[in-house]
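For reference, the chains in residue letters:
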Amino acid sequence: APTIKPVLDAAAQTDGRAQQVLFLFGDDHRVTEVGSMNVFVVLRTASGVELVTAPLSGDILPGVTRRSILDLARADPASVGVDVVSERVFT
């Protein structure tokens, strides 16, 4: 997979201290994925706490774990400490 080699290269260049690589896309550095897994972030905003992940696209692969996290968080956002669960572009 094309995302595995950069992770292995980063680990080799840092004597194993780097375990993942955060992939940023485009001139605005949109967050996509982290090496061989999806990335979720929790943002505190004026309107509350938001769990965010990038939307599915040609850059983001669908998967059971990603879908399960989104489904569980949307079913009961308070149980994971958030107000909103979003799939949107973020930088």
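Residues numbered from 1 in each chain as written. Predicted model: local features only at pLDDT ≥ 70, side-chain atom pairs only at ≥ 80, totals over all residues. Heavy atoms only, no water.

**Remarks on the environment of V7**
- Here V7 lies in helix α1 (residues 4–13).
- For the pair V7 and D27, spaced 20 residues apart in sequence, the C-alpha to C-alpha distance is 22 Å. (Helix = DSSP H or I, 4+ residues; strand = E, 2+ residues; numbered from the N terminus.)

**Topic: unusual backbone geometry**
- With a phi angle near 50°, D15 is a residue other than glycine that sits in the positive phi range.
- Mapped onto the secondary structure, D15 falls in the loop between α1 and β1 (22–25).
- Taking relative accessible area as the criterion, D15 reaches 70% and is therefore assigned exposed.
- Despite not being glycine, H29 shows a phi value in the positive range, around 55°.
- Among the secondary structure elements, H29 is positioned in the loop between β1 and β2 (30–34). (Buried < 20%, exposed > 50% of the residue type's maximum accessible area, 1.4 Å probe, protein only.)

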